[in-house]
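Here are the chains, one letter per residue:
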Amino acid sequence: MQKTSYEGMQCPIARSLERVGEWWSMLILRETLFGFTRFYELEENLGIAPNMLSRRLNALVEAGMLEKCAYTTRPIRYEYKPTDRARDFADVLLALLSFGNRHFAPEGKSVTVIHDETGIEAVPVMVDARTGIPLASPAYRWVAGPLASQSTRERYATDRRLGSSGLA
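The text that follows walks through the structure, step by step, so that each part is easy to find. (Residues numbered from 1 in each chain as written. Predicted model: local features only at pLDDT ≥ 70, side-chain atom pairs only at ≥ 80, totals over all residues. Heavy atoms only, no water.)

1. Regarding the nonpolar core
In step 1: Counting 18 residues, the largest nonpolar core has I28, L29, L57, L60, M65, L66 and F89 as its most contacted members.
In step 2: With four residues, the single largest contributor to this core is helix α2 (residues 23-33).
In step 3: Excluding anything up to four places from it in sequence, L29 contacts V20, L60, M65, L66, A86, F89 and L93. (Core = buried A, V, L, I, M, F, W, Y, C linked by side-chain atoms within 4.5 Å. Buried < 20%, exposed > 50% of the residue type's maximum accessible area, 1.4 Å probe, protein only. Helix = DSSP H or I, 4+ residues; strand = E, 2+ residues; numbered from the N terminus. Contact = heavy atoms within 4.5 Å.)

Here it is as structure tokens:
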């Protein structure tokens, strides 16, 4: 089956999915952000076939999410270090962790996030950096950006509040 490409779409969500939307990609990013950067570590931790791992690593390097660096020359071996772009993606992984724990872990949480000093479990929430107000608040809405196409402007012309259509 031919994969649909989102690359030409204006939507930043679609464009992001084009680069990291394949499920192995997100798990590879999780592992590299945890410090598992070598091919054998990723293969072992994820149980992924080597050919699939190679394809996903190459795609993540091409997308600017990982940097391929040689760590030995004889024989040549590479590790895949997260870039600033990948570190920005950590917020997405935290949101998925929180979502998964709330909706798909009826047996309880197998992974969570705690504060180093207090040991208190974190409750991830996305907030506006300028105001500190949670973005799920009805005070925020989706709008077409300055470079939006006419069709995008039309789709977002009506009220698209974040808390009103299940987006909270």
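There is more to say after this.
2. Overview of the pattern of salt bridges
In step 1: In the structure shown here, the tally under the stated rule is six salt bridges.
In step 2: Of the charged contacts, one joins D84 and R87 as a salt bridge, the two residues approaching to 2.7 Å between their closest N and O atoms. Residue D84 and its partner R87 are both found in helix α5 (residues 84-103); the two are separated by three residues, about one turn of the helix.
In step 3: The class of R87 is partly exposed, set by a relative accessible area of 43%.
In step 4: With a shortest N-O distance of 2.5 Å, K109 and E121 are connected by a salt bridge. (Salt bridge = Lys/Arg side-chain N within 4 Å of Asp/Glu carboxyl O.)

3. Some remarks on the layout of surface pockets
In step 1: Space inside the second largest pocket adds up to approximately 710 Å³.
In step 2: If you trace the second largest pocket, you find 20 residues lining it, with R30, F34, L93, L97 and V111 closest to the centre.
In step 3: Listing elements by their share of the lining of the second largest pocket, those giving two or more residues are α2 and α5.
In step 4: If you tally residues by element for the lining of the second largest pocket, the top one is α5, at eight residues.
In step 5: In terms of residue class, the lining of the second largest pocket is made up of 15 nonpolar, four polar and one charged. (1 Å grid on protein atoms, 1.4 Å probe; cavity = no way out; pocket = protein on both sides within 12 Å on 5 of 7 lines; lining within 4 Å. Points joined across faces, edges and corners; volume = space filled by probe spheres on them. Nonpolar A, V, L, I, M, F, W, Y, C, P; charged D, E, K, R; others polar.)

4. A closer look at the pairing of strand β2 (residues 76-82)
Along a regular strand, successive side chains alternate from one face of the sheet to the other.
In step 1: Sheet analysis places strand β1 (residues 66-73) next to β2, joined by seven bridges and oriented antiparallel. Within β2, the position partnered with E67 by the bridge is K81.
In step 2: Between β1 and β2, which follow one another and run antiparallel, lie two residues. (Pairing = 2+ DSSP bridges.)

5. Re the packing of α2 against α5
In step 1: Across the interface, α2 lies against α5 with an axial gap of 10 Å and an inter-helix angle of 110°. Compared by their axis directions, α2 and α5 come out roughly perpendicular. In the crossing of α2 with α5, the sense of the turn from one axis to the other is left-handed. Only A86, R87, F89, A90, L93 and L96 of α5 make contact with α2, whose side of the interface consists of M26, L29, R30 and L33.
In step 2: Tallied by class, residues from the contact of α2 with α5 come to eight nonpolar, no polar and two charged. (Axes fitted to C-alpha atoms, helices over the stretch in contact; angles between N-to-C directions. Parallel < 35°, antiparallel > 145°, perpendicular 65-115°, else oblique. Left-handed = near helix turned anticlockwise from the far one by under 90°.)

6. Some thoughts on helix α4 (residues 50-62)
In step 1: For α4, which comprises 13 residues, the first-to-last C-alpha distance of 18 Å matches the rise-based estimate of 18 Å (1.5 Å per residue) to within 8%.
In step 2: L53, R56, L57 and L60 are the residues of α4 that are buried. Relative to the axis of α4, the buried residues are bounded by an arc of 100° and lie together on one face.
In step 3: Considering only its buried residues, α4 is in contact with α1 (12-20), α2, α3 (39-46), β1 and β2.
In step 4: G64 occupies a position one or two residues after α4 and carries a positive phi of about 80°. (Expected span 1.5 Å × (residues − 1). Arc of directions from axis to C-beta.)

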